[in-house]
Structure formats: structure tokens, C-alpha cells
Amino acid sequence: RYQDLDSCAICLSRPRDCVLLNCGHVCACSECAIVLQPPQCPICRDRIARIVPLYHA
Ligand SMILES: [Zn+2]
Ligand SMILES: [Zn+2]
């Protein structure tokens, strides 16, 4: 299940590159996270208060 860990849980095509707060899940790419309606985490359905980009060196 390595691919599941690396790819966005929503579009399955882009890498996960942001953290959803307040739950802290890293489960989506920023493009998907920004347009989620309603704005809730796809894993735990907690409300998304903030989306923090992950920057990979
Ligand atoms: Zn995505
Ligand atoms: Zn979550």
C-alpha cells in the first residue's frame, strides 16, 4: 500500500503535499484540499480549519 501513502486520497494522482488542521492528517494534495466541499478531512471528517503546505526539499 505504498502508493496509498504517497498519493492524494481524493484524486489519487498527485502527491500528498499539505497538512489538514486541526486533525493533522496528510491525506490530500493541496489542489484537492482547497476545493473540498464541505471543507472536511476525507479521513476523519473533522472540519478543516487550515491547510498547511508541506515543502519537500
Ligand atoms: Zn488530489
Ligand atoms: Zn483528519
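Residues numbered from 1 in each chain as written. Chains lettered and ligands numbered in written order. Predicted model: local features only at pLDDT ≥ 70, side-chain atom pairs only at ≥ 80, totals over all residues. Heavy atoms only, no water.

### Digging into the coordination of the zinc ion (ligand 1)
Surrounding the zinc ion (ligand 1) are the protein donor atoms Cys8 (SG), Cys11 (SG), Cys29 (SG) and Cys32 (SG), which sit 2.3 Å from the metal. Taken together, the four donor atoms surrounding the zinc ion (ligand 1) define angles of 99 to 116° at the centre, an arrangement classified as tetrahedral. Donor residues for the zinc ion (ligand 1), ordered by position in the chain, follow C-x2-C-x17-C-x2-C. (Donors = N, O, S within 2.8 Å, 3.2 Å for Na, K, Ca; no water. Tetrahedral: all angles 85-135°; square planar, octahedral: opposite > 155°, others 65-115°.)

### Some words on the side chain of Asp17
Looking at the element boundaries, Asp17 is found in the loop between α1 (2–6) and β1 (18–21). As a buried residue without a salt bridge, Asp17 has its nearest oppositely charged side chain in Arg14, at a separation of 6.8 Å. A distance of 2.6 Å separates a polar side-chain atom of Asp17 from the backbone nitrogen of Ser30. Apart from the residues lying within four places of it in its own chain, the contact partners of Asp17 are Ala28, Cys29, Ser30, Val52, Pro53 and Leu54. (Helix = DSSP H or I, 4+ residues; strand = E, 2+ residues; numbered from the N terminus. Buried < 20%, exposed > 50% of the residue type's maximum accessible area, 1.4 Å probe, protein only. Lys, Arg positive; Asp, Glu negative; His and termini not counted. Salt bridge = Lys/Arg side-chain N within 4 Å of Asp/Glu carboxyl O. Polar contact = N/O pair within 3.5 Å; in protein donor to acceptor, adjacent residues only side chain to side chain. Contact = heavy atoms within 4.5 Å.)

### Side note on the coordination of the zinc ion (ligand 2)
Within the protein, the zinc ion (ligand 2) binds to Cys23 (SG), His25 (ND1), Cys41 (SG) and Cys44 (SG); these donor distances fall in the range 1.9 to 2.3 Å. What the four donor atoms of the zinc ion (ligand 2) show is an angle range of 107 to 114° at the metal, which sorts the shape as tetrahedral. Here the donor residues of the zinc ion (ligand 2) share one chain and are spaced in sequence as C-x1-H-x15-C-x2-C. On the criterion of sequence distance, the pair formed by His25 in strand β2 (residues 25–28) and Cys44 in the loop between α2 (30–35) and β3 (50–53) is long-range, its members being 19 residues apart. For His25, a relative accessible area of 27% gives the class partly exposed.

### Regarding the sheet that holds β2
With antiparallel pairing, three strands are arranged side by side in an open sheet as β2-β1-β3. In this open sheet, the two strands that pair with only one neighbour each are β2 and β3. Direction aside, the axes of adjacent strands within the sheet are offset by 40° on average. Sheet analysis places β1 next to β3, joined by four bridges and oriented antiparallel. Among the inter-strand pairings, Leu20 is bridged to a residue of β3, identified as Ile51. (Pairing = 2+ DSSP bridges. Axes fitted to C-alpha atoms, helices over the stretch in contact; angles between N-to-C directions.)

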